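# An overview of the molecular structure
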Amino acid sequence: MSDFADRYGPWALVAGASDGVGSAMAEELARRGLNVVLLARRQEVLDEVAAGITAHTGAQTRTLAIDLAAPAAAGEVIAATEDLEIGFLVYCAGADPNFQPFLSSPLSDAESLVQRNCLVPMQLCHHYAQPMVERGRGGIVIFGSGAGFAGGPNMVAYGASKAFDMVFAEALWTELQPSGVDVLGLILGKTDTPALRKLEHERGQIPSPEDAPPGAAAVDDVVAAAFANLTEGPTCLVGPEIQAAAQLMASVSRNDAVRFIAQAVTSAMGAN
Ligand SMILES: NC(=O)c1ccc[n+]([C@@H]2O[C@H](COP(=O)([O-])OP(=O)(O)OC[C@H]3O[C@@H](n4cnc5c(N)ncnc54)[C@H](OP(=O)(O)O)[C@@H]3O)[C@@H](O)[C@H]2O)c1
């Protein structure tokens, strides 16, 4: 086994592995010598990703078609991996496909988002981190967003869930890092994923889902940042835009930060 597989193997679990940055994370983990459990909702897409990973790397794969917004999701994931030693957990699934005002959507949309973005990653970390601590090695990467820096319109539950993810990863790092388990909260700005292309196309911001959203970071750059910073937790701000946004937010009062985000969202929507 490689040093990487010694430290983080033999299996990784990637939640949100059917496309975009999650599937690229899974491929890179396999390239580094880990077998991967690929989890998302679309079985046929997971099968394609799994076949590609095995063809490119020879790694073993297992696919789990599970909706992480469903109430029993964490239990299903845990049961389906009971026979595997999971040394690395990536929680990527998390974007908001709607970007709508809080009161214009049913409450169940917000509840599902909190279930998928807060409860399930917490439940999975509680389960998989314990044996990692006992082994004295392992890794956990949780995806956050600049939307978690301060509140803004059309992302009431989403932004709040991403603030949870960021602080959860930071806090978990403080407890697990002395045991040899690396925790990283990966904070993304706009990133060129299929989910973002779909959203921007639906909002008329790009002419077709084949087009890259202007100003979006490349998936490969996000994956490179994740692996370069695995041991540099608790938080990694990916790319110059999100680093500048974090600096700006830190330089003004919280109230002004919220006003700034509200204005930025309103003018972006008005530009459509
Ligand atoms: N893209 C951006 O601009 C951006 C910006 C800031 C932060 N982020 C963060 O980066 C992460 C990845 O975002 P993304 O743009 O790739 O979109 P995403 O919608 O989070 O999609 C990523 C993966 O998650 C899976 N997924 C989504 N909902 C799921 C559910 N309920 N159950 C199981 N799997 C589910 C998707 O596959 P299936 O459809 O097959 O289930 C896909 O494989 C998220 O945490 C997001 O908050 C993204």
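This text follows the structure it describes.
Let me begin by describing the structure that accompanies this report. In this numbering scheme, every chain counts its residues from 1 along its sequence in written order. Local features in a predicted model are, by the rule used here, given only for residues with pLDDT of at least 70; side-chain atom pairs are given and counted only at 80 or more, and totals for whole chains, interfaces and linings are based on all residues. Hydrogens and water molecules were not included; the side-chain quantities draw on all heavy atoms of the structure.

### Looking at unusual backbone geometry
Keep in mind that most residues, glycine aside, have a negative phi and that most peptide bonds are trans. Cis rather than trans, the peptide bond between glycine 9 and proline 10 has omega equal to 0 degrees. The secondary structure listing takes helices from DSSP runs of H or I that are at least 4 residues long and strands from runs of E that are at least 2 residues long, numbered from the N terminus. The topology assignment puts proline 10 in the loop between α1 (3-8) and β1 (11-15). Residues glycine 233 and proline 234 are joined by a peptide bond in cis, for which omega reads 10 degrees. Residue placement: proline 234 occurs in the loop between α8 (219-228) and β7 (235-237). Here asparagine 154, not a glycine, exhibits a phi torsion of approximately 70 degrees, which is positive.

### Notes on the pattern of salt bridges
Salt bridges are counted wherever a side-chain nitrogen of Lys or Arg sits within 4 Å of a carboxyl oxygen of Asp or Glu. All chains considered together, the criterion is met by twelve salt bridges. A salt bridge links arginine 137 to glutamate 85, with the nearest nitrogen and oxygen atoms 2.9 Å apart. Remark: glutamate 85 occurs in the loop between α4 (73-80) and β4 (86-91) and arginine 137 occurs in the loop between α5 (107-135) and β5 (138-145); sequence separation between them is 52 residues. Connected through salt bridges with shared partners, the residues Glu28, Arg31 and Arg32 form a single ionic network.

### Notes on the nonpolar core
Ranked by internal contacts, the top residues of the largest apolar core, which has 38 residues, are Leu29, Leu38, Phe88, Phe143 and Leu186. Buried Ala, Val, Leu, Ile, Met, Phe, Trp, Tyr and Cys residues form a nonpolar core when they are joined through side-chain atoms within 4.5 Å. Note on classification: 1.4 Å probe, protein chains only; a residue is buried when its accessible area is under 20% of the maximum for its type, exposed when over 50%, partly exposed between these limits. Ala73, Ala93, Ile140 and Ala169 belong to the second largest nonpolar core, which has 30 residues in total.

### Quick word on helix α3 (residues 43-57)
If you check α3, its first and last C-alpha atoms are 21 Å apart, about what 15 residues at 1.5 Å a residue would give, namely 21 Å. Contacts between residues were defined by any pair of non-hydrogen atoms, one from each residue, lying within 4.5 Å. Buried residues in α3 make contact with α2 (20-31), β2 (35-40) and β3 (61-65). Each residue after the first adds 1.5 Å to the expected span of a helix.

### Description of the sheet that holds β5
A pair of strands counts as paired when DSSP detects no fewer than two bridges linking them. A sheet is described by the order of its strands in space; here seven strands give the open sequence β3-β2-β1-β4-β5-β6-β7, paired in parallel fashion. In this open sheet, the two strands that pair with only one neighbour each are β3 and β7. Strand-to-strand twist across the sheet, computed as the mean angle between neighbouring axes with direction ignored, equals 15 degrees. Where β4 and β5 come together, four bridges link them in parallel fashion. Residue pairing across strands places phenylalanine 88 opposite glycine 139, the latter belonging to β5. Every angle, taken between N-to-C directions, lies between 0 and 180 degrees, and every axis is a line fitted to C-alpha atoms, over only the stretch in contact when it is a helix. The sheet strands contacting α5 are β1, β4, β5 and β6 (181-188), and the helix crosses β4 at an angle near 160 degrees. Here α8 sits on the sheet in contact with β5, β6 and β7, set at roughly 150 degrees to β6.

### Focus on the site of the ligand
In the vicinity of the ligand there are 28 residues, among which Ser18, Arg42, Cys92, Tyr158 and Thr193 approach most closely. Note that a nitrogen atom of the ligand is positioned 2.9 Å from one of the side-chain N or O atoms of aspartate 67. Throughout, the Shrake-Rupley method with a 1.4 Å probe supplies accessible areas, and for residues the shown protein chains are the sole cover considered. Taking 840 Å² as the accessible area of the ligand by itself, protein coverage stands at 93%. At the level of secondary structure, the elements contributing two or more residues to the shell around the ligand comprise β5, α6 (156-176) and α7 (194-202). Any residue with a heavy atom positioned within 4 Å of a molecule or strand is treated as near that molecule or strand. Polar contact criterion, stated in full: a pair of N or O atoms within 3.5 Å, where within protein one must be able to donate a hydrogen and the other to accept it, and residues adjacent in sequence count only if both atoms are side-chain atoms.

### Points about the environment of isoleucine 187
Note on placement: isoleucine 187 falls in strand β6. Excluding its chain neighbours within four sequence positions, the residues that come into contact with isoleucine 187 are Gly144, Ser145, Gly146, Phe149, Met166, Thr235, Cys236, Leu237, Val238 and Ile242.

### Focus on the packing of α2 against α3
Remark: α2 packs on α3, axes separated minimally by 10 Å, with the N-to-C direction vectors making an angle of 30 degrees. Between α2 and α3, the interaxial angle falls into the category roughly parallel. The way α2 lies across α3 gives a crossing that is right-handed. Residues Ser23, Ala26, Glu27, Ala30 and Arg31 of α2 lie in contact with α3, whose contacting residues are Val49, Ile53, His56 and Thr57. Three categories are distinguished: nonpolar for Ala, Val, Leu, Ile, Met, Phe, Trp, Tyr, Cys and Pro, charged for Asp, Glu, Lys and Arg, and polar for the others, with Gly belonging to the last. Among the residues making up the contact of α2 with α3, the classes are represented as four nonpolar, three polar and two charged. Orientation categories follow fixed angle ranges, with anything under 35 degrees roughly parallel, anything over 145 roughly antiparallel, 65 to 115 roughly perpendicular, and all other angles oblique. We call a crossing left-handed when the near helix sits turned anticlockwise from the far one by less than a right angle, and right-handed when that turn is clockwise.

### With respect to the side chain of threonine 191
Among the secondary structure elements, threonine 191 is positioned in the loop between β6 and α7. On the basis of relative accessible area, threonine 191 is assigned to the buried category, the value being 8%. Separated by 2.7 Å, the side chain of threonine 191 and the backbone oxygen of glycine 189 make a polar contact. Discounting chain neighbours no more than four positions away, the residues touching threonine 191 are Leu196, Ala216, Ala217, Val219 and Val222.

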